[in-house]
Structure formats: C-alpha cells, structure tokens
Amino acid sequence: MTNAAYIPEALADVPRASWPRHIAIIMDGNGRWARSRGLPRIEGHRRGAESVRCVTEECAKLGLKQLTLFAFSSENWRRPRDEVNALMDLYRKFLIEQRPTILKNHVRFVPIGRRDDIPAEVLAEADRTVELSAKATGLTLCLAVNYGSRGEIADAARSLATRAARGELDPATIDEETFASALNTAGMPDPDLLIRTAGEMRLSNFLLWQLSYAELWVTPRLWPEFRQPDLHAAMRDFAGRERRFGGLEPATNA
Ligand code: FPP
C-alpha cells in the first residue's frame, strides 16, 4: 500500500524528505523473548514472524522504497536441526500466508542469499512470490535467507575474476559500481538506516559493503515485541542525524 497521504502521528513533524528510503533490520532477541517466558525458542521465532508482518505492512503504508530483513544467516545452520527446520517451515508458511497481502499492497518480494541447502519447498514458495510480485511498484521486501556478507563479497570477486579470465571484462575497469553490480543486491539502493534489536552492537556479517554509510539505530526491544512505534522512533532519530558521507556539508536525503 503506497499511500503518500499516510503520515503517522509520531512522524507528523518530520519532513518526508528526511525519512529513510531504505531500512535494513537485524532481527534479534527471539530466543531471549521466548526464554524469559519459559517458552521454546521456536515460539520466539513465531512471534518474530508476526513482527515481520507488522513492520512490512507499515513500511509499505509509509511508502518507503525498501525494507531488508536478516532472516537467516549463513552461520545459522550451526543451530540445532529442530530449530533450523522450524525456521525454514516458518519462512514457507509466511510466504504462503502473506502472499495475498504482499500482492494487495504492491510489495515486490526479492530474496537474497545462497540457494544451496534451502529446502526445495521453501525455494518454490519464494520463487512463486518473486514471480507474482515482479511488477509491483511499491515497497521492495528483501529477505536475506542463508545470507552472509563475506560469502557474498567472495562470490562477487569470483564472478568478476571469471569474466576477466574469459576476456569479457577488462580488470582495469572494475570500480565500486562494477563491484556492487556483482553483489546479491545489484540494482538496489544502499540502506539509509540499520536497525538492530535486542541491544547488540554488531553487524554480524550483514550487508558489510552496502551499510558503509548507513546510520545505525540499536534498541533494547526484543524483535518479537518490535512494533510500529519502534519503527517510527527509529525513523525520527534518523531524520535528526547529519549525514555528510565523508564531506563537510550535510547531504540532503533526496
Ligand atoms: C535472531 O534471534 C533471529 C533469527 C536468527 C531468525 C529471525 C527469524 C524471524 C524473525 C522469524 C521468521 C521470519 C520470517 C521472515 C517469517 P535469536 O534466535 O538469535 O535470539 P537470541 O539471540 O535471543 O537467542
């Protein structure tokens, strides 16, 4: 739902031009949320999926360009098999249950990360959602699953080197733009704002190239409890930051 007229109360005095266009989120604290209630970890992930739904709908309503969510890292395979299976099943169900809302709200779905090891039934639902939402012009929802930034950068280097070895690419022409176009995020804008929940002050191998100039906002709120007011608070804080991109003058966020 791209609705230029929708401005929540909390953002009423924040000019739209200073809102972030692309928000990335490291969703953390599902396990802690469950543990503090004496529940199994998967209950935290289930409730976390509800936060994903709320935040995606809100970003679409606000008319933001992109929301990128770190849903499963290339290191998360080290978790117990039961938890990994439950997470994969949650993604599959999320894609099936949320597909009508995604399409109704003109959200374009674009997953990133390696396809290897992701169960075929999850890939099938993801591919179907990508296909059906390909022409949507509202929010881009980018879900990072089996994603790790160092692996992504190594893959990009390998693909450029292969093209150079075949004589298809002159190594002297490789610049930042060429490199960015070989990443999973080719064609996407860099995130303006990175939100991390559960108080951790780490990047955890997430979008290391793309976050170079992002503003960071960390909240103690655990992801299963993250809702619209937290998103608005992060956006307000972002709007007050002075972004200079290494120069001396503040840049406009246009
Ligand atoms: C981190 O919490 C969260 C994850 C590793 C997975 C994120 C998954 C979801 C939000 C649910 C499903 C998502 C979708 C897109 C349907 P943690 O388990 O590391 O928490 P802890 O650090 O408190 O243990």
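First, a word on scope: everything that follows refers to the structure included in this document. Model, not experiment: these values are computed from the prediction.

Here is what the cut-offs are and how they apply
- Residues numbered from 1 in each chain as written.
- Predicted model: local features only at pLDDT ≥ 70, side-chain atom pairs only at ≥ 80, totals over all residues.
- Heavy atoms only, no water.
- Buried < 20%, exposed > 50% of the residue type's maximum accessible area, 1.4 Å probe, protein only.
- Helix = DSSP H or I, 4+ residues; strand = E, 2+ residues; numbered from the N terminus.
- Pairing = 2+ DSSP bridges.
- 1 Å grid on protein atoms, 1.4 Å probe; cavity = no way out; pocket = protein on both sides within 12 Å on 5 of 7 lines; lining within 4 Å.
- Points joined across faces, edges and corners; volume = space filled by probe spheres on them.
- Nonpolar A, V, L, I, M, F, W, Y, C, P; charged D, E, K, R; others polar.
- Phe/Tyr/Trp six-rings, centres within 6.5 Å; stacked < 30°, edge-to-face > 60°.
- Salt bridge = Lys/Arg side-chain N within 4 Å of Asp/Glu carboxyl O.
- Near = heavy atom within 4 Å.
- Polar contact = N/O pair within 3.5 Å; in protein donor to acceptor, adjacent residues only side chain to side chain.
- Areas by Shrake-Rupley, 256 points an atom, 1.4 Å probe, with all protein chains shown as cover.
- Sits in = over half its atoms within 2 Å of the grid points.

1. Re the pairing of strand β1 (residues 22-26)
Here is step 1: Burial analysis of β1 places 5 of its 5 residues in the buried class, the great majority of the element.
Here is step 2: With 5 bridges connecting them, β1 and strand β2 (residues 66-73) associate as parallel partners. Of the residues in β2, the one forming a bridge with His22 is Gln66.
Here is step 3: The sheet contact formed by β1 and strand β5 (residues 193-196) spans 4 bridges and is parallel. Each residue of the ladder has a partner; that of Ile26, found in β5, is Arg196.

2. Quick notes on the layout of surface pockets
Here is step 1: Size it by volume and the largest pocket reaches roughly 610 Å³.
Here is step 2: In this structure, the largest pocket is lined by 29 residues; those nearest its centre are Met27, Asn30, Phe70, Ala71 and Asn76.
Here is step 3: Elements with a minimum of two residues in the lining of the largest pocket: α1 (30-35), α2 (41-62), β2 and α3 (81-104).
Here is step 4: The element that contributes the greatest number of residues to the lining of the largest pocket is α2, accounting for 5 residues.
Here is step 5: Its residues assigned to classes, the lining of the largest pocket shows 13 nonpolar, 8 polar and 8 charged.

3. Some points on empty space enclosed by the protein
Here is step 1: Enumeration over the complete set of coordinates arrives at 2 cavities of 30 Å³ or more.
Here is step 2: Considered as a void within the structure, the largest cavity measures approximately 80 Å³ in volume.
Here is step 3: In terms of lining residues, the largest cavity is bounded by Arg53, Thr56, Glu57, Ala60, Phe94, Gln98, Thr101, Ile102, Asn105 and Val107.
Here is step 4: Looking at the lining of the largest cavity residue by residue, the class counts come to 4 nonpolar, 4 polar and 2 charged.
Here is step 5: Considered as a void within the structure, the second largest cavity measures approximately 40 Å³ in volume.
Here is step 6: In terms of residue class, the lining of the second largest cavity is built from 6 nonpolar, 5 polar and no charged.

4. Details of the packing of aromatic side chains
Here is step 1: All chains considered together, the criterion is met by 6 aromatic pairs.
Here is step 2: Measuring from centroid to centroid gives 5.1 Å for Trp223 and Phe226, while their planes differ by 25°, and the two rings are stacked. When sorted by exposure, Trp223 lands in the same class as Phe226, which is buried.
Here is step 3: Taken together, the ring pairs connect Phe70, Tyr147 and Phe206 into an aromatic cluster.

5. Regarding the pattern of salt bridges
Here is step 1: According to the stated counting rule, one finds 20 salt bridges in the structure shown.
Here is step 2: The closest approach of N and O atoms between Glu83 and Arg41, which form a salt bridge, is 2.8 Å. Pair noted here: Glu83 is in helix α3 and Arg41 is in helix α2, with a separation of 42 residues, a long-range link.
Here is step 3: A salt bridge links Asp155 to Arg114; the shortest N-O distance between them is 2.9 Å. On the criterion of sequence distance, the pair formed by Asp155 in helix α5 (residues 149-165) and Arg114 in the loop between β3 (108-112) and α4 (120-133) is long-range, its members being 41 residues apart.
Here is step 4: A cluster of three or more residues bridged by salt bridges with shared partners is formed by Asp28, Arg32, Arg196, Glu200 and Arg202.

6. Some remarks on unusual backbone geometry
Here is step 1: The residue His106 is not glycine, and still its phi comes out positive at about 60°.
Here is step 2: Tracing the backbone shows His106 in the loop between α3 and β3.
Here is step 3: At Asp117, a position not held by glycine, the phi torsion is positive, near 75°.
Here is step 4: Locating Asp117 in the fold gives a position in the loop between β3 and α4.

7. Things to note about the site of the ligand
Here is step 1: Every one of the 18 residues lining the ligand counts as a neighbour, but Met27, Gly31, Arg32, Arg41 and Arg79 are closest to it.
Here is step 2: Backbone polar atom of Gly29 to an oxygen atom of the ligand: 3.4 Å apart, as the coordinates give it.
Here is step 3: One of the backbone nitrogen or oxygen atoms of Asn30 is found 3.2 Å away from an oxygen atom of the ligand.
Here is step 4: In isolation the ligand has 620 Å² of accessible area, and contact with the protein removes 92% of it.
Here is step 5: The cavity that encloses the ligand is the largest pocket.
Here is step 6: Mapped by element, the contributors of at least two residues to the shell around the ligand are α1, α2 and α3.
Here is step 7: A per-element tally of the shell around the ligand places α2 first, with 4 residues.
Here is step 8: In terms of residue class, the shell around the ligand is built from 8 nonpolar, 6 polar and 4 charged.

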